Amino acid sequence: VVTRDDVEESLKAKWQYVKDKEQLLKDLQSQIEEAGQRLSVKQSERDYWLEYKNVGSKAQANKIMNLEKDIKEVKDDLRRATEYYRNALKAVKEENDRLVERQMKLSKEQAPENAVRYLDKNTRREIEENEWLKEEVR
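Residues numbered from 1 in each chain as written. Predicted model: local features only at pLDDT ≥ 70, side-chain atom pairs only at ≥ 80, totals over all residues. Heavy atoms only, no water.

Engineer: Is there a simple way to explain the overall build of the chain in this structure?
Structural biologist: Each helix and strand counted, the chain has four helices and zero strands in total. The N-to-C order of helical and strand elements in the chain reads α-α-α-α. Computed over C-alpha atoms, the radius of gyration of the chain comes to 30 Å, more than 25% over the 14 Å expected from 2.2 N^0.38 for 138 residues, which places it beyond the range of a compact globule. Seen through its C-alpha atoms, the chain measures out along the principal axes to roughly 100 × 20 × 15 Å. For the chain, with 138 residues in total, the buried portion stands at 16%. Taking the contacts inside the chain whose residues are at least 6 apart along the sequence as the reference set, 66% of them involve residues at least 24 apart. Accessible surface computed for the chain: about 11,100 Å², of which carbon and sulfur atoms make up 50%. In the chain, which carries 30 positive and 31 negative side-chain charges, the distance between the mean positions of the two groups comes to 5 Å. (Helix = DSSP H or I, 4+ residues; strand = E, 2+ residues; numbered from the N terminus. Rg over C-alpha atoms; globule rule 2.2 N^0.38 Å. Buried < 20%, exposed > 50% of the residue type's maximum accessible area, 1.4 Å probe, protein only. Contact = heavy atoms within 4.5 Å. Areas by Shrake-Rupley, 256 points an atom, 1.4 Å probe, with all protein chains shown as cover. Lys, Arg positive; Asp, Glu negative; His and termini not counted. Charge placed at Lys NZ, Arg CZ, Asp CG, Glu CD.)

Here you go:
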């Protein structure tokens, strides 16, 4: 038999789990934003070096290619991270929905039992005598 306190405690634990996951997702979102900022910095560097290359410096051509490679890698990392976090968010939301649904179903199943448990003796006797109400309680 699960008590109301057990149900409430379980719901509180589930909500805390949801809050923790949301905080994790916020942290991950800030990491994505940081990667976007790094991408902007790398693109600015690339633009600078491309301009320098166009003026006639062949010595820096290697660095320009490396920066372009870095930009490509950062873009790929950003794309992969975004996809990963999007999937993680979806999975967390589905898990939370499933847990909340299960908890609600459990609460609904226990509600009649809890209601009968807190009734006085006379009311309980009436319920026991009334077959229709007895079926409803079960």
